[in-house]
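# Observations on the three-dimensional arrangement
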Amino acid sequence: MTAGVIVGLGHCTVDYLGLLPRYPDRDEKVEIAEFSQQGGGPAATALATLACFGAKTRFVGKISDDPFGDFIRTGHDNLGVDLSHLVTEKGKVSPFSFSAVEMGAGLRTIFWTRGSVEGVGPEDIDV
């Protein structure tokens, strides 16, 4: 039996995660206790995880040629995810989000944008 390639189609993003000692009230400030920048998106995260376990993976999606897109591409490249079907739209904004995570409760609030890249369509997929 030969192993196949696990293909994921969907949304990839850059996630900024901030751990907060408590969630602030409106119009109030609170200092972030810890911060990290990670890749995200359901399909992209699943493929990155599978690649870490040695699976052959391929991601089909869209990014831009901005710093967010560069981070997404580099992260998946470093994990060995095949990005030969990742479309790059020049001059746009790649998806990103900021998640505020309350440390004690583990609750999160997510602020996100899909950026200005178009969604993946049949014309983007070279079968």
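Look above for the structure.
In short, a report on the structure. All figures in this text were calculated on a predicted structure; none of them were measured in a lab.

Through backbone hydrogen bonds, the strands of a sheet pair up, either in parallel or in antiparallel fashion. Across the sheet, three strands lie side by side as β1-β4-β5; this open sheet has parallel pairing. Because the sheet does not close on itself, it has two edges, and the strands there are β1 (6–9) and β5 (82–89). Sheet twist, expressed as the mean angle between neighbouring strand axes with direction ignored, is 15°. Note: β1 against strand β4 (residues 57–64), four bridges, orientation parallel. In the strand pairing of β4, Ile6 is matched with Thr57. The strands touched by helix α1 (residues 42–52) are β1 and β4; relative to β4, the strand with the most contacts, the crossing angle is about 140°. Relative to β5, helix α2 (residues 67–79) is tilted by about 175°, and along the sheet it contacts β4 and β5.

Attention now goes to the nonpolar core. Membership of the largest hydrophobic core comes to 13 residues, with the highest contact counts inside it found for Cys12, Phe59, Ile63, Ile72, Val81, Leu83 and Leu86. For this core, the secondary-structure elements that each account for two or more residues are α1, β4, α2 and β5. At four residues, the largest contribution of residues to this core is made by α1.

The strand order across the open sheet formed by four strands is β3-β2-β6-β7, and the pairing between neighbours is mixed. Each edge of the open sheet is held by one strand with a lone partner, namely β3 (34–40) and β7 (108–113). Each strand axis lies, on average, 20° off the axis of its neighbour in the sheet, ignoring direction. Note: strand β2 (residues 13–20) against β3, seven bridges, orientation antiparallel. Counted as the bridge partner of Thr13 is Gly40 from β3. Here α2 sits on the sheet in contact with β2, β3 and β6 (96–102), set at roughly 95° to β2.

A word on α2. With 13 residues, α2 extends 19 Å from end C-alpha to end C-alpha; this agrees with the ideal 18 Å at 1.5 Å per step. Buried residues of α2: Phe68, Gly69, Ile72 and His76, and no others. The buried side chains of α2 occupy one side of the element, clustering within an arc of 100° when seen end-on. Away from its buried face by more than 90 degrees, α2 exposes Pro67 and Asn78. Contact partners of the buried residues in α2: β2, α1, β4, β5 and β6. Once α2 ends, the next one or two residues include Gly80, with phi positive near 90°.

Positioned with a positive phi, Asp27 is a non-glycine residue whose angle comes to about 60°. On the secondary structure map, Asp27 appears in the loop between β2 and β3. Under the relative-accessibility criterion, Asp27 is labelled exposed at 86%.

Cut-offs and rules
- Residues numbered from 1 in each chain as written.
- Predicted model: local features only at pLDDT ≥ 70, side-chain atom pairs only at ≥ 80, totals over all residues.
- Heavy atoms only, no water.
- Pairing = 2+ DSSP bridges.
- Helix = DSSP H or I, 4+ residues; strand = E, 2+ residues; numbered from the N terminus.
- Axes fitted to C-alpha atoms, helices over the stretch in contact; angles between N-to-C directions.
- Contact = heavy atoms within 4.5 Å.
- Core = buried A, V, L, I, M, F, W, Y, C linked by side-chain atoms within 4.5 Å.
- Buried < 20%, exposed > 50% of the residue type's maximum accessible area, 1.4 Å probe, protein only.
- Expected span 1.5 Å × (residues − 1).
- Arc of directions from axis to C-beta.

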